[in-house]
Amino acid sequence: MMEGIRDTQPILHLDGVVKRYGEFAAVKGVDLEVGRGEIFGFLGPNGAGKTTTIRMIAGILRPSGGRLLVGGDDVVRAPARAKRRIGYIPDRPFLYEKLSGGEFLRFVAALWGREGPEVEERIRNFLSLFSLTEWEHELIESYSHGMRQKLLISSALLHDPELIVVDEPMVGLDPRSARILKDLLRSFVERGGTVFLSTHTLEVAEALCDRIAIISEGQIIAQGTMAELRTQADAGEAHLEEIFLKVTGGSEVADLMDALEGALERRTSAERRGSERRAEAE
Ligand code: ATP
């Protein structure tokens, strides 16, 4: 019965979350709910507040205000319980260069209190999945960026999290590894897990996500399924076309178009005034 009640709870709940760095507010009151079994995309331009929000969810940054609940556990008040539910894959990984890939994975498993044949098999499976088997005994310092990323993904999944929180998952991965990661995330949600991922590319969000929230300057400016966002765009609500341009890195183009349109309007009216004056003189 209790389980039933618990399962209807969102796996992730953000309530008025604020993060200030000194005077500057990077996140300005974010509300979000993510249900179990969803792939939820957090989309926004550079500097919008994605990484800051994700680091608060992962319990690395302390919020300046609001509440973050993971499976009902408050990340500030019950950090150990909340963190156990999460597999966090950061955008800027930290790995111990002087450990081999295999040693690193065993070290992470041990931090979660896991060792023995079951974890050995999981490690073998991850290494094989990401074509790292041959590299198991090589030092991480010799790994490429993509190999590090794959090792990090494996390490984040070792303790069977309920929620994967991943910051810019596709950066640095070759097409094959990006495909494996997509398949991995999909099969994770099919088995009841949930994924919260940040990206600034609409393509990644579109290809993977069930629902999307768009963040800009620390605030959620649109939220829904891709179809819902499109309908809003077609209906001209919330200026979604502009939002999409902005989030797909087209803001400079949009600004340029605005400036050009403005210049054109000014020129047209100047020409109009000029011809009116000429007409008056004649
Ligand atoms: P990107 O797509 O470029 O990774 P983002 O959406 O993840 O961007 P954040 O890294 O969360 O954005 O940054 C949000 C804002 O907070 C930015 O203006 C950034 O300069 C600022 N910021 C981030 N970390 C700090 C910090 N430690 N001190 C001061 N300001 C910070």
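Since we're looking at a predicted model, the values are computed, not measured.

1. Considering the site of the ligand
Then step 1. All residues adjacent to the ligand are Tyr21, Phe24, Ala26, Gly44, Asn46, Gly47, Ala48, Gly49, Lys50, Thr51, Thr52 and His200.
Then step 2. Sorting the residues of the shell around the ligand by element identifies strand E2 (24-34) and helix H2 (50-57) as the ones contributing at least two each.
Then step 3. Considering every element that reaches the shell around the ligand, the biggest residue donor is H2, with three residues.
Then step 4. Grouping the constituent residues of the shell around the ligand by class yields four nonpolar, seven polar and one charged.

2. Description of the sheet that holds strand E1 (residues 12-21)
Then step 1. Strand order across the open sheet formed by four strands is E2-E1-E4-E5, with antiparallel pairing between neighbours. Strands at the two margins of the open sheet, each flanked by one partner only, are E2 and strand E5 (73-74).
Then step 2. Inspection of the sheet shows E1 paired to strand E4 (residues 65-70) by five bridges, in the antiparallel sense. Note on E4: the bridge partner recorded for His13 is Leu69.
Then step 3. Set on the sheet, H2 makes contact with E1, E2 and E4; between it and E1 the angle comes to about 120°.

3. Considerations on the pairing of strand E7 (residues 163-167)
Then step 1. The buried fraction of E7 is high, at five of five residues.
Then step 2. Along E7, one buried face is formed by Leu163, Val165 and Asp167 and the opposite face, lined by Ile164 and Val166, is buried too.
Then step 3. Relative to strand E8 (residues 194-199), E7 runs parallel, the two being bridged by five bridges. Counted as the bridge partner of Val166 is Leu197 from E8.
Then step 4. Chirality of the crossover, the property in question, places the unit of E7, helix H7 (residues 175-190) and E8 among those that are right-handed.

4. Here we look at the sheet that holds E7
Two pairing modes exist for strands in a sheet, parallel and antiparallel, and in both the strands are linked by backbone hydrogen bonds.
Then step 1. An order of E6-E7-E8-E3-E9-E10 is seen for the six strands of this open sheet, with the pairing classed as mixed. The open sheet has two free edges, formed respectively by strand E6 (86-89) and strand E10 (219-224), since each of these has just one partner strand. Between one strand axis and the next, the sheet turns through 15° on average, direction left out of account.
Then step 2. Its contacts with the sheet put H2 on strand E3 (39-43), E7, E8 and strand E9 (211-216), and the angle it makes with E7 is roughly 150°.
Then step 3. Contacting E6 and E7, helix H6 (residues 145-157) runs over the sheet at an angle of about 165° to E6.

5. Side note on the nonpolar core
Then step 1. Judged by nonpolar contacts, the single largest core of 50 residues is most densely connected at Leu12, Val165, Val195 and Phe196.
Then step 2. Ignoring any residue separated from it by four or fewer positions in sequence, one finds Leu12 in contact with Leu32, Val34, Ile57, Val70, Leu163 and Phe196.
Then step 3. Counting residues in each nonpolar core, the second largest holds 12 residues, with Phe126, Phe130, Tyr143 and Leu158 among its members.

6. Topic: the confidence of the model for the chain
Then step 1. For the chain, the mean per-residue pLDDT works out to 83, and 79% of the residues sit at or above 70.
Then step 2. This stretch, residues 1-6, has a pLDDT under 50; its non-local contacts, to residues over four places away or in other chains, come to one contact.

7. Some thoughts on H6
Then step 1. End to end, H6 covers 19 Å across 13 residues, agreeing with the expected 18 Å (1.5 Å per residue, within 8%).
Then step 2. The set of residues buried in H6 consists of Met147, Gln149, Lys150, Leu151, Ile153, Ser154 and Ser155.

8. With respect to unusual backbone geometry
Then step 1. The backbone of Asp160 shows a phi angle near 60°, a positive value even though the residue is not glycine.
Then step 2. Along the chain, Asp160 turns up in the loop between H6 and E7.
Then step 3. In this model, Glu217 sits at a positive phi of 50°, which is unusual for a non-glycine residue.
Then step 4. Inspection of the secondary structure puts Glu217 in the loop between E9 and E10.

9. Observations regarding the environment of Thr52
Then step 1. Of note, Thr52 is situated in helix H2.
Then step 2. Considered as a pair, Thr52 and Arg20 are 32 residues apart in the sequence and their alpha carbons are 9.9 Å apart.

Procedures and definitions
- Per-chain numbering applies: the sequence of each chain, read as written, is numbered from 1 onward.
- It should be noted that, the model being predicted, local features are given only for residues of pLDDT at least 70 and side-chain atom pairs only at 80 or more, the latter also being counted only at that level, while totals for whole chains, interfaces and linings use all residues.
- Placing a C-beta atom from the backbone of each residue, we mark the residue near a molecule or strand if the atom is within 6 Å of it.
- Secondary structure follows DSSP: runs of H or I at least 4 residues long count as helices, runs of E at least 2 residues long count as strands, and numbering of each begins at the N terminus.
- Side-chain classes are defined by residue name, with Ala, Val, Leu, Ile, Met, Phe, Trp, Tyr, Cys and Pro counting as nonpolar, Asp, Glu, Lys and Arg as charged, and the others, Gly among them, as polar.
- DSSP bridges decide pairing: two strands pair if at least two such bridges lie between them.
- Residues are treated as contacting if the C-beta atoms built from their backbones sit within 7 Å of each other.
- Every axis corresponds to a line fitted to the C-alpha atoms, with the helix fit spanning only the stretch in contact, and the corresponding angles, defined between N-to-C directions, vary from 0 to 180 degrees.
- Counting other C-beta atoms within 10 Å of a residue's own tells you its class, since 20 or more makes it buried, 12 or fewer makes it exposed, and anything in between is partly exposed; those C-beta atoms are placed from the backbone.
- We call a crossover right-handed when, viewed with the strands running away from us, the connection from the first strand over the helix to the second turns clockwise.
- The term nonpolar core means buried Ala, Val, Leu, Ile, Met, Phe, Trp, Tyr and Cys residues held together as one set by C-beta atoms within 7 Å.
- Scored between 0 and 100, pLDDT is the confidence that the predictor attaches to each residue.
- By this rule, a helix spans an expected 1.5 Å times one less than how many residues it contains.

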